Amino acid sequence: MFIPIVFGVSDKRHPLAHGVRHGCRVCAMETPHHLVEVRRQLALFFIPVWRWNKRPILICNVCGNTESIPPEEAEEIRRRAGPP
Ligand SMILES: [Zn+2]
């Protein structure tokens, strides 16, 4: 009997805050950003079974540039911005 095993690894984005004012390196000015937590995820039969490599990133609303930030800075931004 043959049972196919379907699995995959992908990055999932979880929003933490929207409209965060932050200096963008590409736009060279302060622009609104999305604060997002990215998690690498292993799914078995499309059900997430393991998550690792959590990291916060800021995404510029104007140009789409992404910037990794330390978790402490992300927590501070999230506290200031309120719920997403
Ligand atoms: Zn930008």
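Quick caveat: nothing in here was measured; it's all calculated off a predicted structure.

> Would you mind going over the overall build of the protein chain with me for this structure?
Looking only at helices and strands, the protein chain features one helix and four strands. Its helices and strands in sequence order give the protein chain the pattern β-β-β-β-α, from N to C terminus. Expressed along its principal axes, the backbone C-alpha trace of the protein chain runs to roughly 60 × 25 × 20 Å. Buried positions account for 11% of the 84 residues belonging to the protein chain. Nonlocal contacts in the protein chain, meaning residues at least 24 apart in sequence, comprise 51% of its contacts between residues at least 6 apart.

> I'm lost on the environment of M1 in this one. Help?
Mapped onto the fold, M1 is located in the segment before strand 1 (7-24). Taking the C-beta count within 10 Å as the criterion, M1 has 2 such neighbours and is therefore assigned exposed. Note: C-alpha distance between M1 and H14 (13 residues apart in sequence) is 39 Å.

> Which parts of the structure should I look at to understand the nonpolar core?
Listed in full, the six residues of the largest apolar core are L16, A17, L35, V36, L58 and A74. Those residues within four positions of L58 in sequence are excluded, and the remaining contacts are V20, H22, H33, L35, E67 and I69.

> I keep staring at the sheet that holds strand 4 (residues 66-68) and nothing clicks. Help me out?
Paired through their backbone hydrogen bonds, the strands of a sheet run either parallel or antiparallel. The sheet built from four strands is open, its strands ordered 1-2-3-4 with antiparallel pairing. Either end of the sheet is taken by a strand with one partner, and the two such strands are strand 1 and strand 4. Strand-to-strand twist of the sheet, defined as the mean angle between neighbouring strand axes without regard to direction, takes the value 35 degrees. Across 15 bridges, strand 1 lies against strand 2 (residues 29-44) in antiparallel orientation. Residue pairing in the sheet places K12 in a bridge with R39 of strand 2.

Parameters at a glance
- Residues numbered from 1 in each chain as written.
- Predicted model: local features only at pLDDT ≥ 70, side-chain atom pairs only at ≥ 80, totals over all residues.
- Helix = DSSP H or I, 4+ residues; strand = E, 2+ residues; numbered from the N terminus.
- Buried ≥ 20, exposed ≤ 12 C-beta atoms within 10 Å, placed from the backbone.
- Contact = placed C-beta atoms within 7 Å.
- Core = buried A, V, L, I, M, F, W, Y, C linked by C-beta atoms within 7 Å.
- Pairing = 2+ DSSP bridges.
- Axes fitted to C-alpha atoms, helices over the stretch in contact; angles between N-to-C directions.

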